[in-house]
Amino acid sequence: VKQFLLQKFWQASLCFFTQLSNNQNPINLKQPVILNVCGLDVFLVLQDPSERKPLITQPNPDRPLNGTDWSSASQPTARTDEQALLTSILTKTALNIIDVSATDSQGMEQHEYMDKARQYSTKLALLSNSLSQKKPTPLPSLTSQPHQVLASDLVPYSDVQQVSKIAAYAYSAISQIKVDAKEELVVQFAIP
Amino acid sequence: MTTSALTQGLERIPDQLGYLVISEDGVLASAGELENDEHTAGIIMQMVRTACRFRLQGAAEPPFKRMSGRLNKTGHLKSLTLPHTNTQYYCSQHDANQHSVLSSVMLEDYVYTVTVSGQKVFVVKRQINQRDPVVV
């Protein structure tokens, strides 16, 4: 499923860029774009990794740690550890989040569209190779003598009856499978 | 194979009450009690597509040549047997609402037999003449 969605995503992106490359007016691509891929709305943001500004600025490493600071650090060690932990979590999250607010509106040149379109069709070709094997398989031929097979003796009724009974028991057993909840699924996450 | 060549053989099957020849595009031929029965054709095609995906131990072919079974009132295939192999494999499919399957003797005296050949599905409704003594 993931491969399929990925392929659909690249197809949609390719379509989008092909349309853009035909358009004369440069369009601001820093704005997020919503594409519809297989009924899912995909939020597409195009951004150069080098242009990403971190949401949270790193703390000033030059801050002097003199005697006065030590006194303020006389708080229990647990609190400062907690702070450091929180800060590190925040920093990690901020690094992974892309800011979608439109800041500068630099348009993309025509040739950049073409480049992107080419990039995406290469990606698409790669994915298509792996996906083409998943086409719906045609019906296998069970026999070359359908009339003979259909005309031959029927399965004895007692056999059918026995098997239906077994299948009914199996169905009943399967339908009784259920989850036995023992503990809470969601708990409070406490930092000691 | 022309349609008449396909159906001639089916017509001659003893105790047949009707038949269907179905392709991916739809019903190619129908007769008897199954004449124009696209509803049954649709159900059986679905069953065939599912059953043809069965494989044993990484084999390339489905492990059966013919399926037979009945349809209950709501049109779900009630039981399915797959003979014509060295060992017999059975499977059964039930309507979600059915609570008990074998509460009574099966009163219907027919069975649908189904096979696939050359991208076409052949269905014959056959009458069951000999009844084994009922096991209660």
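Look a little higher up for the structure.
Notes on the structure follow. (Residues numbered from 1 in each chain as written. Chains lettered and ligands numbered in written order. Predicted model: local features only at pLDDT ≥ 70, side-chain atom pairs only at ≥ 80, totals over all residues. Heavy atoms only, no water.)

1. So, the overall build of chain B
Along the backbone of chain B there are two helices and seven strands. Starting at the N terminus and ending at the C terminus, chain B contains elements arranged as α-β-β-α-β-β-β-β-β. Within chain B, the fraction of its 136 residues that count as buried is 47%. At a minimum sequence separation of 6, the contacts of chain B that also span at least 24 residues come to 42%. In the form shown here, chain B has an accessible surface area of approximately 7,500 Å², with 48% of it arising from carbon and sulfur atoms. (Helix = DSSP H or I, 4+ residues; strand = E, 2+ residues; numbered from the N terminus. Buried < 20%, exposed > 50% of the residue type's maximum accessible area, 1.4 Å probe, protein only. Contact = heavy atoms within 4.5 Å. Areas by Shrake-Rupley, 256 points an atom, 1.4 Å probe, with all protein chains shown as cover.)

2. Topic: the packing of aromatic side chains
Residues and elements named next belong to chain B. The tally for this structure, following the rule as stated, stands at one aromatic pair over all chains. Centroid distance Tyr 110 to Tyr 112: 5.4 Å. Interplanar angle 75°. Geometry classified as edge-to-face. Seen from the ring of Tyr 110, Lys 125 lies directly overhead, with NZ or CZ sitting 4.4 Å from the centre. (Phe/Tyr/Trp six-rings, centres within 6.5 Å; stacked < 30°, edge-to-face > 60°. Lys NZ or Arg CZ within 6 Å of the ring centre and 35° of its normal.)

3. Regarding the pattern of salt bridges
If you walk through the whole model with that rule in mind, you get five salt bridges over all chains. Among the salt bridges present, the one from A:Arg118 reaches A:Asp115, with a minimum N-O distance of 3.3 Å. Here A:Arg118 and its partner A:Asp115 are both found in helix 4 (residues 110-131), three residues apart, which amounts to about one turn of the helix. Classification of A:Arg118 as exposed rests on a relative accessible area of 52%. According to the relative accessible area criterion, A:Asp115 is partly exposed, its value standing at 36%. Note that B:Glu24 and B:Arg49 form a salt bridge whose closest N and O atoms lie 3.1 Å from each other. Separated by 25 residues along the polypeptide, B:Glu24 in the loop between strand 1 (16-23) and strand 2 (26-32) and B:Arg49 in helix 2 (residues 38-51) bring together distant segments of the chain. (Salt bridge = Lys/Arg side-chain N within 4 Å of Asp/Glu carboxyl O.)

4. Focus on the side chain of A:Thr143
For A:Thr143, the location among the structural elements is in the loop between helix 4 and helix 5 (146-151). Note on A:Thr143: relative accessible area 10%, which makes it buried. At 2.9 Å, the side chain of A:Thr143 and the backbone nitrogen of A:Gln145 are in polar contact. Setting aside residues up to four positions removed in sequence, A:Thr143 forms contacts with A:Val149, B:Thr115, B:Val116 and B:Ser117. (Polar contact = N/O pair within 3.5 Å; in protein donor to acceptor, adjacent residues only side chain to side chain.)

5. Concerning unusual backbone geometry
Residue and element names in this part refer to chain B. The residue Gln 57 is not glycine, and still its phi comes out positive at about 50°. By the secondary structure assignment, Gln 57 is in the loop between helix 2 and strand 3 (67-71). Overall, the relative accessible area of 84% leaves Gln 57 in the exposed class. Positive phi, normally seen in glycine, also occurs at Gln 119, with a value near 65°. Inspection of the secondary structure assignment puts Gln 119 in the loop between strand 6 (110-117) and strand 7 (120-127).

Note that all results are geometric; they support no functional claim without further evidence.
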